[in-house]
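# Structural overview
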Number of protein chains: 2
Amino acid sequence: MARTQGSHSDITGPRVREAALRLFAQNGYAAVSMRQIAGEVGVQAGALYNYTPDKQSLLFDLLRGHMDDLLQARAACAQPDDPLAALEQFTRFHIRFHHDRPEAVFVSYMELRNLTPENFEIIEGLRRCYEDQLEDILRRGVTEGRFDVAEPKIAAMAVIAMLTGVNTWFRDEGRLSLPEVEEIYWGMVRKAVAA
Amino acid sequence: MARTQGSHSDITGPRVREAALRLFAQNGYAAVSMRQIAGEVGVQAGALYNYTPDKQSLLFDLLRGHMDDLLQARAACAQPDDPLAALEQFTRFHIRFHHDRPEAVFVSYMELRNLTPENFEIIEGLRRCYEDQLEDILRRGVTEGRFDVAEPKIAAMAVIAMLTGVNTWFRDEGRLSLPEVEEIYWGMVRKAVAA
DNA sequence: GAATTAACTGAACATATGTTCAGATCAAAG
DNA sequence: CTTTGATCTGAACATATGTTCAGTTAATTC
């Protein structure tokens, strides 16, 4: 049972996923070859198959891992009883979480169609689970008379689309800091659903 | 000068673009081969090169055509002086226009990274031109004291992201009609920027 | 130092890719 | 009917693809 400690496997495995994520984000899943990924890691293409059964699983594992991270990070948040506080919490969490991993966000959105149907269903289920959390907040706010939202499901989709959009233009070196952007978006979200 | 009238070219040319658009939307630019496109048209791969110098130009022409359509359709709209009316007009126009051509919208968003840098710059310029129109409406509304928007550029990006998001979930056979969806989104946009 | 075995190489496999081009086809013009 | 030229075929080109696998390398254990 040699090679358990200091094994390259602990190093190479993550590096494969990192290289795949970066390349998929930059060029798209279909446009990236296993040889490119291997080259980025400094290894021959065949060696990748010690870490993934095939290219499809590599993509799926990235998306799956991202969605797991999202739901886990979300679950670790305090969940205020007050709907307004919960909505603010969700808004700021979403912007921050997505800002911190732009490549995973991008790939998770762009490469859904390159998943096999079964894999797609799994990712889609996790995504729906996240969306439902926002929908629940909105419904509670409506019930308590704090929000004026005729269609909580649609409002949830609209808010998430708006918030995720930050990733398309925000730059760390830009004029505005992330907390400032958070503030601006929270203002719009709050007003958009206000009673 | 034979073959000018009733020429197949008038038929095949558009069919090539239609097939390419449909296939690019479904499978992504990189995953679609010239032979697939040709097969869809009922022709051999070599024949496609009577209608496009290469695959890249085929993609570019689709995106270019879509952006031209967008700006032209927008220019054909009445442009109300009243900022609130102008914003409502923009909101409804955006939802309707994007609803009517989901494939072109999808491809225009997803395949930007598969453009050469020069082609990308052109499309990006057209896109900015469209965004600026919304930004101008918001600025005018602020000047006239009708809107409360600290960052018109960012608000414009947020509104557009929100509106374009309709395409990701809306189905014609769904519970809500497009006019109903228009109404819901217009309500959220109006409140989000209201003074 | 010998044995073990995880980690990796390098070549091979069958198939697919974008693009080119000489030649066949055939509708229209003279 | 003959000429013309746009339209398309079918094969070829060089290169790239995902994946497999027998064999090499080298870190660890005994």
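Rules and cut-offs
- Residues numbered from 1 in each chain as written.
- Chains lettered and ligands numbered in written order.
- Predicted model: local features only at pLDDT ≥ 70, side-chain atom pairs only at ≥ 80, totals over all residues.
- Heavy atoms only, no water.
- Helix = DSSP H or I, 4+ residues; strand = E, 2+ residues; numbered from the N terminus.
- Buried < 20%, exposed > 50% of the residue type's maximum accessible area, 1.4 Å probe, protein only.
- Contact = heavy atoms within 4.5 Å.
- Lys, Arg positive; Asp, Glu negative; His and termini not counted.
- Charge placed at Lys NZ, Arg CZ, Asp CG, Glu CD.
- Phe/Tyr/Trp six-rings, centres within 6.5 Å; stacked < 30°, edge-to-face > 60°.
- Lys NZ or Arg CZ within 6 Å of the ring centre and 35° of its normal.
- Core = buried A, V, L, I, M, F, W, Y, C linked by side-chain atoms within 4.5 Å.
- UniProt positions renumbered as here; feature names shortened; annotations may be inferred.
- Buried area = accessible area lost by both parts, 1.4 Å probe.
- Salt bridge = Lys/Arg side-chain N within 4 Å of Asp/Glu carboxyl O.
- Polar contact = N/O pair within 3.5 Å; in protein donor to acceptor, adjacent residues only side chain to side chain.

## Some thoughts on the overall build of chain A
Scanning chain A from N- to C-terminus turns up 9 helices and 0 strands. With the C-alpha coordinates aligned to their principal axes, the bounding extent of chain A is approximately 65 × 40 × 35 Å. Per-residue burial for chain A yields a buried fraction of 49% across its 195 residues. Once local pairs closer than 6 in sequence are excluded, the contacts in chain A between residues at least 24 apart make up 68%. Here chain A holds 22 positive side-chain charges and 28 negative ones, and the gap between their average locations is 3 Å.

## Structural notes on the packing of aromatic side chains
Residue and element names in this part refer to chain B. Tallied over the entire structure, the rule returns 11 aromatic pairs over all chains. Between tryptophan 169 and tyrosine 185, the ring centres sit 6.5 Å apart and the planes meet at 15 degrees, which makes this aromatic pair stacked. Separated by 16 residues along the polypeptide, tryptophan 169 in helix H8 (residues 166-169) and tyrosine 185 in helix H9 (residues 178-193) bring together distant segments of the chain. Taking the ring centre of phenylalanine 93 as reference, the NZ or CZ of arginine 74 above it sits at 6.0 Å.

## Comments concerning the nonpolar core
Core analysis: the largest hydrophobic core is formed by 125 residues, its most contacted members being Ile37 and Tyr185 of chain A together with Ile37 and Tyr185 of chain B. Those residues in contact with tyrosine 185 of chain A that sit more than four places away from it in its chain are Ile95, Met162, Leu163, Val166 and Trp169 of chain A together with Ile154 and Ala158 of chain B.

## Some thoughts on the UniProt feature "DNA-binding region" (unreviewed entry) in chain A
Mapped onto this numbering, the UniProt entry annotates "DNA-binding region" (unreviewed entry) at residues 33-52 of chain A. Annotated as 40% helix and 0% strand, the span residues 33-52 of chain A places its first and last C-alpha atoms 14 Å apart.

## Here's the deal with the UniProt feature "domain: HTH tetR-type" (unreviewed entry) in chain A
Under the UniProt annotation, the feature "domain: HTH tetR-type" (unreviewed entry) is placed at residues 10-70 of chain A. Along residues 10-70 of chain A one finds 69% helix and 0% strand; the C-alpha atoms at either end are 24 Å apart.

## A closer look at the interface of chain A and chain B
Contact with chain A, which involves 33 residues of that partner, is made by 33 residues of chain B. In this assembly, chain A packs against chain B so that about 2700 Å² is buried in total across both faces, 65% of it on carbon and sulfur atoms. Sorting the residues of chain A by area buried against chain B places Arg113, Ile154 and Lys191 of chain A first, and these three jointly supply 25% of that buried surface. Put simply, chain A and chain B have 4 salt bridges between them. For glutamate 151 of chain B, the salt bridge is made with arginine 175 of chain A, and the minimal N-O distance between the two is 2.7 Å. The interface formed by chain A and chain B includes 14 residue pairs in polar contact (both at pLDDT 80 or more). Of all the secondary structure elements, the ones that give two or more residues to the side of chain A that touches chain B are helix H1 (9-27), helix H5 (102-110), helix H7 (152-164), helix H8 (166-169) and helix H9 (178-193) of chain A.

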